[in-house]
Amino acid sequence: TGSGQYQGQFNYQHSDNTFRFYTAGVERFAIDNNGNLYLANDTNTYIGHPTTDTLAVHTAGTEALRITSSGELKINSAASGVSANAGANEFSIEGGNYDIGMSLISPAANNRTQSIAFGDSSNTIAGRIQYAHGDDSFRFDAGGNQRLFIASNGNLTNTLQATSFVTTKAFSNL
C-alpha cells in the first residue's frame with residue numbers, strides 16, 4: 001500500500017495494444033502491437049523491424065539507422081530513396097537534397113592518426129587513406145605500402161618511384 005506500491009510495474013493497455021514498463025514510477029519503454037520498442041515514453045523515437053531479419057532505429061519519426069539481414073549498415077538511407085552500389089553497400093551514408101559527410105574526430109591531443117583501411121583476409125590494410133595529426137599530413141597506401149604523401153605545406157611525394165617529386169602546382173589531368 002502507499003505511494004511506493006506501484007513503483008515498478010508493467011501493464012497492457014487495450015486502448016492502443018501496448019505493453020508499458022515502469023521503474024521508479026516512470027514509464028521507461030513500451031512495446032506496441034507491431035513489435036516496435038519505444039524508449040522513455042517518446043512516441044516517435046523507437047527501435048523496430050520493418051522487414052524480416054532487419055533492425056531499424058527511428059528518431060523524430062524518421063528512420064535514421066538500419067541493419068539488414070546481410071549485415072549492411074545504412075545511415076539515413078530512407079532520406080534519398082536510392083540504394084548504394086551493390087559493390088559498396090555494406091556501410092552507406094545517404095542524404096536528401098543537402099550536403100552530407102562523415103567525420104573522424106579524435107578527442108586526444110593532435111598527435112593521433114586516423115585511417116580508413118581496405119583489405120582482405122591476407123592483408124587487412126592493403127590499401128589505406130591516413131591522416132596524421134602530428135605533422136598534418138595525408139598518406140595513401142596501395143599494395144600494403146605508402147605510395148603518396150601530402151605534407152602540410154601541400155607538397156606531394158610519390159613514394160612508388162625511385163625518385164620523388166615535389167610541386168606546389170595543381171595537377172589538372174589526373
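I will try to describe carefully the structure that is included in this document. Per chain, residue numbering runs from 1 following the sequence as it is written. Confidence filtering applies because this is a predicted model: local features only for residues at pLDDT of at least 70, side-chain atom pairs given and counted only at 80 or more, and all residues used for totals across whole chains, interfaces and linings. For the side-chain quantities, the full set of heavy atoms in the structure was used; hydrogens and water were omitted.

A closer look at the overall build of the protein chain
Here is step 1: In this description a helix means any DSSP run of H or I spanning at least four residues, a strand means any run of E spanning at least two, and both kinds are numbered starting from the N terminus. The helix and strand inventory of the protein chain stands at one helix and 14 strands.
Here is step 2: Expressed as a percentage of its 174 residues, the buried residues of the protein chain come to 20%.
Here is step 3: Should any heavy atoms of two residues lie within 4.5 Å, those residues are considered in contact. Look at the contacts in the protein chain between residues 6 or more apart in sequence, and 0% of them connect residues 24 or more apart.
Here is step 4: Accessible surface area values rest on a Shrake-Rupley calculation with a 1.4 Å probe, where residue burial reflects the displayed protein chains alone. Accessible surface computed for the protein chain: about 12,000 Å², of which carbon and sulfur atoms make up 53%. Only protein chains enter the calculation, and the probe is 1.4 Å; a residue is then buried if its accessible area is under 20% of its type maximum, exposed if over 50%, and partly exposed in between.

As for the pattern of salt bridges
Here is step 1: Salt bridges are identified by distance alone: a Lys or Arg side-chain nitrogen within 4 Å of an Asp or Glu carboxyl oxygen. Taken as a whole and assessed by the stated rule, the structure comprises five salt bridges.
Here is step 2: Where Asp141 meets Arg128, a salt bridge forms, and the shortest distance between an N and an O atom there is 3.0 Å. Of this pair, Asp141 sits in strand β12 (residues 137-142) while Arg128 sits in strand β11 (residues 127-132); the two residues are 13 residues apart in sequence, bridging distant segments of the chain.
Here is step 3: Counted as one network, the salt bridges with shared partners bring together Asp16, Arg20 and Glu27.

Here we look at the environment of Val26
Here is step 1: You can see Val26 is positioned in strand β3 (residues 26-31).
Here is step 2: Separated by 19 residues in sequence, Val26 and Gln7 place their C-alpha atoms 7.6 Å apart.

A word on unusual backbone geometry
Here is step 1: Even without a glycine there, the phi angle at Ala24 is positive, about 50°.
Here is step 2: Turning to its location among the elements, Ala24 is positioned in the loop between β2 (18-23) and β3.
Here is step 3: Ala24 gets classed as exposed once you look at its relative accessible area, which sits at 51%.
Here is step 4: A positive phi angle is found at Asp136, which is not glycine, with a value near 50°.
Here is step 5: Relative to the assigned elements, Asp136 resides in the loop between β11 and β12.

A few points about the sheet that holds strand β13 (residues 145-150)
Here is step 1: Pairing is antiparallel in the open sheet, where five strands are placed in the order β10-β11-β12-β13-β14. Looking at the sheet topology across the chains shown, the edges are occupied by β10 (113-118) and β14 (156-158). Across the sheet, the mean angle separating the axes of adjacent strands is 20° when strand polarity is ignored.
Here is step 2: When DSSP finds two or more bridges between two strands, those strands count as paired. Bridge count between β11 and β12: five bridges; the pairing is antiparallel. What counts as an axis is a line fitted to C-alpha atoms, over the stretch in contact for a helix, and the angles between N-to-C directions run from 0 to 180 degrees.

Quick word on the pairing of β12
Successive residues of a regular strand alternate their side chains across the two faces of the sheet.
Here is step 1: The alternating pattern of β12 places Ser137, Arg139 and Asp141 on a buried face, while none of Phe138, Phe140 and Ala142, on the opposite face, is buried.
Here is step 2: With five bridges connecting them, β12 and β13 associate as antiparallel partners. Paired with Phe138 across the bridge in β13 is Ile150.
Here is step 3: In sequence, β12 turns back onto β13 through a hairpin of two residues, with Gly143 there showing a positive phi of about 65°.

Section: a nonpolar patch on the surface
Here is step 1: On the surface, Phe91, Ile93, Tyr98, Ile100, Met102, Leu104, Ile116 and Phe118 cluster together to form a nonpolar patch covering roughly 750 Å² of accessible area.
Here is step 2: Among the secondary structure elements, those contributing two or more residues to the nonpolar patch are β9 (91-93) and β10.
Here is step 3: Considering the arrangement of structural elements, one finds Ile100 in the loop between β9 and β10.
Here is step 4: What makes Ile100 partly exposed here is its relative accessible area of 48%. Here the term patch refers to residues with relative accessible area over 30% and no salt bridge, with like charges joined within 9 Å and nonpolar side chains (Val, Leu, Ile, Met, Phe, Trp, Tyr) within 5 Å.

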